[in-house]
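Observations on the three-dimensional arrangement
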Amino acid sequence: MCDNYIDVDLREPETKPRIAVHVRNVNFSYTKNAVVLERMNLKIEEGKIFGLLGSNGSGKTTLLRLILGRLKPHSGYVSVFGRKPGTVGSDVPGPGVGYMPQDVALYYEFTIEETLTYYGLLNHMTPEDINIRINLLTDLLSIPDRKRVLTKLSGGQQRLISMAVTMIHSPRLLILDEPTVGVDSLIRCRIWTYLENISKNDGVTIIVTTHYIEEAKSAAYVGFVSNGYLLSQSTPQQLLNQYRVKTLEEVYYKLAIIRRRSRRMSLNPLLFNDAKDAQEVETENQKFDYRGRNHGFINMGRMSALLWRNYIKLTRNPLMVICFYALSALIVTLMSLVFTQNFENIPIAIYNGERPPELSELFLKHIDDRKIHVTLYDSYERAVQSVIDGQNLMSLDFSANFSAGVEERFQSPQDVSEQAILDSQVKITVDMSRPIVAGVTDLALLSTLNAFIKEYSVSLDYNPLSFSMPFDLNASYYSFKPSFKDFVAPGMLLAIQYGLNMVLTGALDVLLMLIVQGMHGMVFGMILSLAVSNDYNVIMVMALTTLPLWMVSGLLWPLESLSDLAHIAIGLQVLDQSLFGIAITGGRVEHNTTMGY
Ligand SMILES: Nc1ncnc2c1ncn2[C@@H]1O[C@H](COP(=O)(O)OP(=O)(O)OP(=O)(O)O)[C@@H](O)[C@H]1O
C-alpha cells in the first residue's frame, strides 16, 4: 500500500462530504512586517488524510497551530468540526484532537507505559481502555518494552512514543507535524498504513506535514504551501495528471517555478469552486454529534491525572524531593543552630594601670565571663595593638588613679575636678569592622557598669536606686525578651512557605497563616506558569521577584532599618508580625496576632 498512489473517487458524491477543517481567507503574522500566512484557504473532508507539503519556514506549523486554536488569525476564519477552535464547546484543543508537534516534548523520567497512561487519563480514558490502546500502539509502532524509561530510548523511538501519545485517546482529528522524521522506512510504511486504516474505517481526519514528499502520495489530498500561500491542493493522482509528471517531488518543483513566475496562482477549483460561505459549512456541521464532554470548573479526571503525574515525577527525582523538602528543614535547623546561640567568649583586652587595683578590680568583677573573655595586657599600647591585629574586639584601659577619680565623683559631685573626671573614665578602643558584636559588647559593658555602680553606692551607704538609669522599663507585650532568633523564625517560615509552598508546623493558627501565605505563593506561581512558557525563565522571574520581596518585606530584617521601598511588600510583613505574635503569646489569638488576616 505504501508504494501506490491513492486514487480518490472524484465523482460528485451522493451526499455532500462533511468538512472537518475549514480555513478561509486567513492572514497571519507573528510580527508586523513579516506575513507568514496570506489568504490561506483550505477545506479538509472528514475521514480523509491531508498531506501538507512545503519548504522550511513556509508556514505549515503556523497553519496547524491556527487549526489547533493555539494561534488566532488576524483576519479570516478557522473552524474545526463546525466550531471555532479554542472556544467553549469545542473539543479543540482537547480530547477532540491529537497533536504531535515537531519537537518531542515528553516526561523523560517516565516509562513508556506511564507516559501513555498519563495522557490516556488526561483524556478521560479508563485504565482498561488505556491498556488496550497501549497494546495496539506498541505493536503498531514497534515500541520496545513498555517498562522502559524514555531516557533510555533512541531519538527515533522517542518520536514514536510522541506519536502514540497523540493517538492514545483515538481522537477524531489527528494533526501530525513531521511524524516520520528519524523513523525507519518499515515503520514509516506501517504508520501510513495505519493512518489510512483509521481514516477509512473510523472516519478519523488526519493532517500530516512532511518533508518526504513522496510519502504524501498515501494521502487523499495534498496541499503545497510556499511562503505562507497555498499553491495548490488536490488528490496526488490528479496533481500528477495535471502537471504530467511521475512524482509529487516534480509537482512541487513545477509549482515552485510557476509561483516564482507569477506571485499569485489561482486556487484549485476542485474544492473551492462552490464555497459559498463559511456559514454554510458551520450550519452543516451543527448536526454533528460531538464526542467531547463538557466538564465543570474543576475537572476531577484531569486533576487526578495531574496528581498522578506529579507523584511519579517526584518519585523519579529523589534529588528534587530532597532539595524541595529537606532544604526548608535544613534552613530551619541551621537557623536554630545559628540564632539560638547567645553571644559567647567575645575577646576583650584589658590594661589595668591602677596600682594596687581597687575599684577597677570591682568593675572587672562584674564582667559577665560567659559572654566576655578577658585577656590582661601589661601595657596600654599592647592592648590596643591586639585590637588592631584582630585578636580582640576592644580594649579597656583603667588609669593609675581610677579609684581616686571615681571616689571624687561620688563623694563631692558639686566640685569634682576635671582631672578626677578623666581619671575615672575607662578608655575604650573598638574594632568597628564588627559592628553587631560591638553593639552586643556595648550592652554587656553597660550592664557591668550598672552592677558596679550599684555595689559601690551600697558600700558608701547611698541608695543604689539614685544612681540607676532614669528609665522605668516595661514590656508592652508580656515579659518575654525576644531574641534575634524569635524575630527571624516567623519570617523564615513564611519565606520558605512562600517560596517552597510547604507547611511545616501543626498549630492551627500558624497552619492557617502559612496556608494563606502558601496560597499567595501558589497563585503567583500559577500566574507565572501562564505568563512565562520556558522553565528556566520561570525560575529566573521567581528569583527576581521573590528574593527582593523577602528582603524588603520585613520578613528577615526589621522594616525600621529599610527604606520606604519596604512598604510595597507590606502584605508579607503583616503576616510575619501575626506569626511572631502567635509565637510569643504561645498560640493565643489576639488583636496583634490576627492583624495579618
Ligand atoms: N513564534 C514565532 N515568532 C516569530 N516568527 C515565527 C515564529 N514561529 C515561526 N515563525 C516564522 O514563521 C515562518 C513560518 O514558520 P513555520 O514554523 O510555520 O514554518 P514550517 O513550514 O512549519 O517550517 P518547517 O518545515 O521548517 O517546520 C518562518 O519564517 C518562521 O521563522
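As annotated in an unreviewed UniProt entry, the protein chain carries the name ABC transporter domain-containing protein and is attributed to Medioppia subpectinata.

Here the focus is the overall build of the protein chain. For the protein chain, the count of helices and strands is 21 helices and 13 strands. By the burial criterion, 43% of the 597 residues in the protein chain qualify as buried. Total accessible area on the protein chain is roughly 32500 Å²; 57% of this is exposed by carbon and sulfur atoms.

The next subject is the pattern of salt bridges. Applying the stated rule across the entire model yields 9 salt bridges. E46 is the salt-bridge partner of R172, the closest N and O atoms lying 3.8 Å from each other. A residue pair is termed long-range when its members are at least 10 positions apart, and R172 in the loop between α4 (155-167) and β6 (173-177) and E46 in the loop between β2 (37-45) and β3 (49-54) qualify at 126 residues. The class for E46 is partly exposed, based on a relative accessible area of 22%. Of the charged contacts, one joins E114 and R316 as a salt bridge, the two residues approaching to 2.6 Å between their closest N and O atoms.

Attention now goes to helix α2 (residues 112-122). Within α2, 10 of the 11 residues are buried, leaving the element largely enclosed by the surrounding structure. Of the positions making up α2, those classed as buried are I112, E113, E114, T115, L116, T117, Y118, Y119, G120 and L122. Residues of α2 that are buried make contact with α3 (127-140), α4 and α10 (300-316). One or two residues past the end of α2 sits H124, with phi positive at roughly 65 degrees.

As a further point, take the side chain of D431. With respect to the helices and strands, the residue D431 is situated in the loop between β13 (427-430) and α16 (435-459). Polar contacts involving the side chain of D431 include one to the side chain of S433, which spans 2.6 Å.

Another aspect to go through is a nonpolar patch on the surface. The grouping of L327, L330, L334, L337 and V338 at the surface amounts to a nonpolar patch, some 460 Å² of accessible area in total. You can call L337 exposed: its relative accessible area is 53%.

This part is about the site of the ligand. Close to the ligand lie 13 residues; G57, K60, T61, T62 and Q102 are nearest. Between an oxygen atom of the ligand and a side-chain N or O atom of E178, the distance comes to 3.5 Å. For the ligand, whose free accessible area comes to 640 Å², the fraction covered by protein is 60%. Class assignment of the residues belonging to the shell around the ligand gives a composition of 2 nonpolar, 9 polar and 2 charged.

This brings us to the sheet that holds β2. The strand order across the open sheet built from 3 strands is β2-β1-β4, with neighbouring strands paired in antiparallel fashion. The two strands at the open ends of the sheet, each matched to only one other strand, are β2 and β4 (75-80). In this sheet, neighbouring strand axes are inclined to one another by 10 degrees on average, regardless of whether the strands run parallel or antiparallel. Taken together, the 5 bridges between strand β1 (residues 19-28) and β4 define a ladder with antiparallel strand orientation. In the strand pairing of β4, N27 is matched with S75. Those strands touched by helix α1 (residues 60-68) are β1, β2 and β4, and its axis lies near 120 degrees from that of β1.

With that out of the way, let us pick up the sheet that holds strand β10 (residues 346-352). Strand order in the open sheet formed by 4 strands is β11-β10-β12-β13, with mixed pairing between adjacent strands. Each edge of the sheet is formed by a strand with only one pairing partner; in this case those strands are β11 (372-377) and β13. When strand polarity is set aside, the average angle formed by the axes of neighbouring strands in this sheet is 20 degrees. As defined by bridge partners, β10 adjoins β11 across 6 bridges and the pair is classed as parallel. Following the sheet pairing, I348 is matched in β11 by V374.

Turning our attention to the nonpolar core. L195, I206, F224 and V251 are the most contacted members of the largest nonpolar core, which has 53 residues in total. If sequence neighbours within four positions are ignored, I206 has contacts with K48, I49, F50, L174, L176, L195, I198 and S199. Membership of the second largest hydrophobic core comes to 31 residues, among which are L37, I44, L52 and V97.

With respect to the secondary-structure elements, V222 resides in strand β8 (residues 221-226). As a C-alpha pair, V222 and I49 span 173 residues in sequence and 8.4 Å in three-dimensional space. Once residues lying within four places of it in the same chain are set aside, the contact partners of V222 are F50, G51, L53, A216, S232, Q233, S234, P236, L239 and L248.

Below, the discussion takes up helix α13 (residues 380-388). For α13, every residue scored as buried is listed here: A383, V384, S386 and V387. Take α13 and look down its axis: the buried residues cluster within an arc of 155 degrees, on one side only. Summarising the geometry of α13, the exposed residues directed more than 90 degrees from the buried face are E381, R382 and I388. Against β10, β11, β12 (394-398) and β13 lie the buried residues of α13. Residue G390 follows α13 closely and has a positive phi angle near 85 degrees.

Direction vectors running N to C along α4 and helix α5 (residues 185-202) enclose 10 degrees, while the axes themselves pass 13 Å from each other. When the interaxial angle is binned, α4 and α5 end up roughly parallel. Counting all contacts with α4, which are made through L160, M163 and M167, the residues of α5 involved are I187, I191, Y194 and L195. Partitioned by chemical class, the residues of the contact of α4 with α5 number 7 nonpolar, no polar and no charged.

Conventions and cut-offs
- Residues numbered from 1 in each chain as written.
- Predicted model: local features only at pLDDT ≥ 70, side-chain atom pairs only at ≥ 80, totals over all residues.
- Heavy atoms only, no water.
- Helix = DSSP H or I, 4+ residues; strand = E, 2+ residues; numbered from the N terminus.
- Buried < 20%, exposed > 50% of the residue type's maximum accessible area, 1.4 Å probe, protein only.
- Areas by Shrake-Rupley, 256 points an atom, 1.4 Å probe, with all protein chains shown as cover.
- Salt bridge = Lys/Arg side-chain N within 4 Å of Asp/Glu carboxyl O.
- Contact = heavy atoms within 4.5 Å.
- Polar contact = N/O pair within 3.5 Å; in protein donor to acceptor, adjacent residues only side chain to side chain.
- Patch = residues over 30% accessible without salt bridge, like charges linked within 9 Å, V, L, I, M, F, W, Y side chains within 5 Å.
- Near = heavy atom within 4 Å.
- Nonpolar A, V, L, I, M, F, W, Y, C, P; charged D, E, K, R; others polar.
- Pairing = 2+ DSSP bridges.
- Axes fitted to C-alpha atoms, helices over the stretch in contact; angles between N-to-C directions.
- Core = buried A, V, L, I, M, F, W, Y, C linked by side-chain atoms within 4.5 Å.
- Arc of directions from axis to C-beta.
- Parallel < 35°, antiparallel > 145°, perpendicular 65-115°, else oblique.

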